[in-house]
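Summary of the model geometry
The chain contents come next:
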Amino acid sequence: MVHRIVWWVIGIVVALVAVVGFMGYRYVTTSLAAVDPHATKDVSVRIPSGASTKQIGDVLAKRGVIKSATVFALYAKINSYSDFQAGTFQVAKSMDLKHVVNTLMGNGSTAGTQVLVREGVTVETIASSMDKYTKKNGNISKRSFMKLMRDQQFFKQLAKKYPQLLGSAAKAHGVRYRLEGYLFPATYTVSSGETMKQLVTQMVAKTNTVLKPYYATIKQKNLTVQHVLTLASIVEREGVTEKSRRKIAGVFFNRMDAGMPLQSDITVMYALNTHKTHLTNKDTAVKSPYNLYKHTGFGPGPFNQPSLQSIQAVLNPSDRSAGYLYFVANLKTGKILYARTLAEQNANIKAIGSDNQ
């Protein structure tokens, strides 16, 4: 009798698990499907700057374009989707969840102006691109952008909103633009009537979202966000591939450990506010805190907007044990040669010869 009862209980539990599992499966599959396959009208959905995946799911569910915010968040997590853009999007109840997600990641139609920030560009380069968007949105212009870059009150507001991101930038001395390096390379959507403040806030919010998983690592390495973005902005322009960027980051850390200046041409060109293929001795002697031929350490702050790959390279440099202190790139082939001593560096430069002339 006892055995019968045990097996009877087990049978009930198995049946319940099967029912719950089936119901869960049905719930997920129906949530992945369109809310209304026959809907013909678009629904305008506004995604605010810095919104989390959960918050985005809640917005979509309230607008009736997805069935479940929970399934949306689960779907995004399983597929490692985090590159959602802020702005106003045109979606429809006839879209399945995959289609909605693609639209929010910039692969569908959006309502508004698309503003592109490229990897490795400076604040002033971004500013120069703004006037082409003015016809679509009168609030966007080079002048309004540069005004914000110099607006210390606006920076303080952002620093209060994103203390982990901008805390070290707020303490930096001698910086040209406090938001240099903090305007993440991406495509941003600006709805009609939105202001330049809202656009720049989108950019900073994106940087905060990207860096959030790395804040603990940055602290563990006794670095600041300002340090990481500064070195990443140099690595961004010195390397091209993930491998080369990690190796170059290792060279720069080795130089700092040896008490050497970073000696990157990128820093001198930023100090001179120009671009050159070859620098002269006069160039490398320019008086500027950004000239890291003369000054040791990280300098005042970032030199451009680095990519995530360059940020990751700084947080995970390679080949440090090899003791490399120098490198030179063959401008013709793109190959980078590394050296432990100045004599080896000079030999590498000689071997490259006319390719770099």
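First things first, this report covers the structure right here in the doc. All figures in this text were calculated on a predicted structure; none of them were measured in a lab. (Residues numbered from 1 in each chain as written. Predicted model: local features only at pLDDT ≥ 70, side-chain atom pairs only at ≥ 80, totals over all residues. Heavy atoms only, no water.)

**Regarding the pattern of salt bridges**
Rules: We define a salt bridge as a side-chain nitrogen of Lys or Arg found within 4 Å of a carboxyl oxygen belonging to Asp or Glu. Counting from the N terminus, the helices are DSSP H or I runs at least four residues long and the strands are E runs at least two residues long. To sort residues, take the accessible area from a 1.4 Å probe on protein chains only and compare it with the maximum for the residue type: under 20% means buried, over 50% means exposed, and anything in between is partly exposed.
Counting across every chain of the model gives four salt bridges. The salt bridge partner of Arg320 is Asp257, with a shortest N-O separation of 2.4 Å. Taken together, the positions of Arg320 in the loop between helix H15 (308–315) and strand E6 (326–329) and Asp257 in helix H12 (residues 242–257) put the pair 63 residues apart, joining distant regions of the chain. You can call Asp257 exposed: its relative accessible area is 62%.

**Focus on the packing of aromatic side chains**
To describe a pair of aromatic rings, one takes the distance between the centres and the angle between the planes. Formally: Between rings of Phe, Tyr and Trp, where Trp is taken as its six-membered ring, a pair exists when centres lie within 6.5 Å; planes separated by under 30 degrees are stacked, by over 60 edge-to-face, and by other angles tilted. Whether a charge lies above a ring is judged from NZ of Lys or CZ of Arg, which has to be within 6 Å of the ring centre and within 35 degrees of the ring normal.
Here the structure, examined in full by the defined rule, presents six aromatic pairs. Cluster of aromatic residues (ring-pair linked, three or more members): Phe252, Tyr324, Phe327 and Tyr338. Sitting above the plane of the Phe155 ring, Arg178 keeps its charged end 5.9 Å from the centroid.

**So, the pairing of strand E4 (residues 113–117)**
Worth spelling out the cut-off: A pair of strands counts as paired when DSSP detects no fewer than two bridges linking them.
Burial of E4 is one-sided: the residues Thr113, Val115 and Val117 facing one way are buried, the residues Gln114 and Leu116 facing the other way are not. Relative to strand E5 (residues 186–190), E4 runs antiparallel, the two being bridged by five bridges. Bridged to Val115 within E5 is Tyr188.

**Let's talk about the layout of surface pockets**
Test applied: Method remark: on a 1 Å grid restricted to protein atoms, a set of points is classed as a cavity if a 1.4 Å probe fits but cannot get out and as a pocket if it is open with protein on both sides within 12 Å along at least five of seven lines; lining residues have an atom within 4 Å of a point. Grid points are joined across faces, edges and corners, and a volume is the space filled by probe spheres set on the points. By the convention adopted, Pro, Cys, Tyr, Trp, Phe, Met, Ile, Leu, Val and Ala count as nonpolar, Lys, Arg, Asp and Glu as charged, and the other residues, Gly among them, as polar.
Approximately 1,300 Å³ is the volume attributed to the largest pocket. As for the largest pocket, its lining consists of 42 residues, and the residues nearest its centre are Glu238, Asp265, Phe327, Val328 and Ala329. For the lining of the largest pocket, the class distribution of residues is 17 nonpolar, 17 polar and eight charged. When its volume is computed, the second largest pocket comes out at roughly 490 Å³. Taken together, 27 residues make up the lining of the second largest pocket; nearest its centre are Ala51, Ser52, Ser82, Phe84 and Thr209. If you list the elements that add at least two residues to the lining of the second largest pocket, you get helix H2 (53–62), helix H3 (69–78), E5 and helix H9 (196–211).

**Observations concerning the side chain of Asn137**
Which entries qualify depends on this criterion: Contacts: residue pairs with any heavy atoms within 4.5 Å of one another.
Looking at the element boundaries, Asn137 is found in the loop between helix H5 (123–130) and helix H6 (142–149). For Asn137, a relative accessible area of 3% gives the class buried. For Asn137, the residues in contact, after removing those within four places along its chain, are Thr113, Val190, Ser191, Ser192, Gly193 and Glu194.

**Re unusual backbone geometry**
In this structure, Gln263 takes a positive phi of about 55° despite not being glycine. Here Gln263 is to be found in the loop between H12 and helix H13 (265–272). Looking at Gln263, the relative accessible area reads 29%, which means it is partly exposed. Its identity as a non-glycine residue notwithstanding, Asn273 has a phi of 55°, on the positive side.

**Digging into the packing of helix H11 (residues 225–238) against H13**
Note the threshold: The convention used is that axes are lines fitted to C-alpha atoms, helices contributing only their stretch in contact, and that angles between N-to-C directions extend from 0 to 180 degrees. Under this scheme an angle from 65 to 115 degrees is roughly perpendicular, one under 35 degrees roughly parallel, and one over 145 degrees roughly antiparallel; angles in between are oblique.
Where H11 meets H13, the axes come as close as 9 Å, and the angle between the chain directions of the two elements is 105°. Regarding the angle of H11 to H13, the classification is roughly perpendicular. Residue-level contacts link Ile234, Arg237 and Glu238 of H11 to Asp265, Ile266 and Thr267 of H13. Taken together, the residues of the contact of H11 with H13 break down into two nonpolar, one polar and three charged.

**Observations concerning H3**
The criterion, for reference: Within this analysis, the arc is defined by the directions that extend from the helix axis to the C-beta atoms. Pairs of N or O atoms within 3.5 Å make up the polar contacts considered here, provided that, within protein, one atom can donate a hydrogen while the other can accept it, and that residues adjacent in sequence are counted only when both atoms are side-chain atoms.
Along H3, the residues classified as buried are Ala69, Val71, Phe72, Tyr75 and Ala76. For H3, the angular spread of the buried residues around the axis is 160°, confining them to a single face. In H3, the exposed residues that point more than 90 degrees away from the buried face are Thr70, Lys77 and Ile78. One side-chain oxygen at the N-terminal end of H3 lies 3.3 Å from the backbone nitrogen of Thr70; it belongs to Ser68. Phi turns positive one or two residues past the end of H3, at Ser80, with a value near 55°.

**Re the nonpolar core**
Most often, soluble globular proteins keep nonpolar side chains buried together rather than apart. Using the following cut-off: Among the buried residues, those of types Ala, Val, Leu, Ile, Met, Phe, Trp, Tyr and Cys that are joined through side-chain atoms within 4.5 Å form a nonpolar core.
By size, the foremost hydrophobic cluster in this structure holds 73 residues, and its most contacted members are Met130, Phe145, Leu166, Leu179, Leu183 and Val200. When residues in this core are grouped by element, the largest group, eight residues, is from H9. Every residue in contact with Phe145, bar those within four places of it in the chain, is listed here: Val123, Ile126, Ala127, Met130, Leu183, Met196 and Val200.

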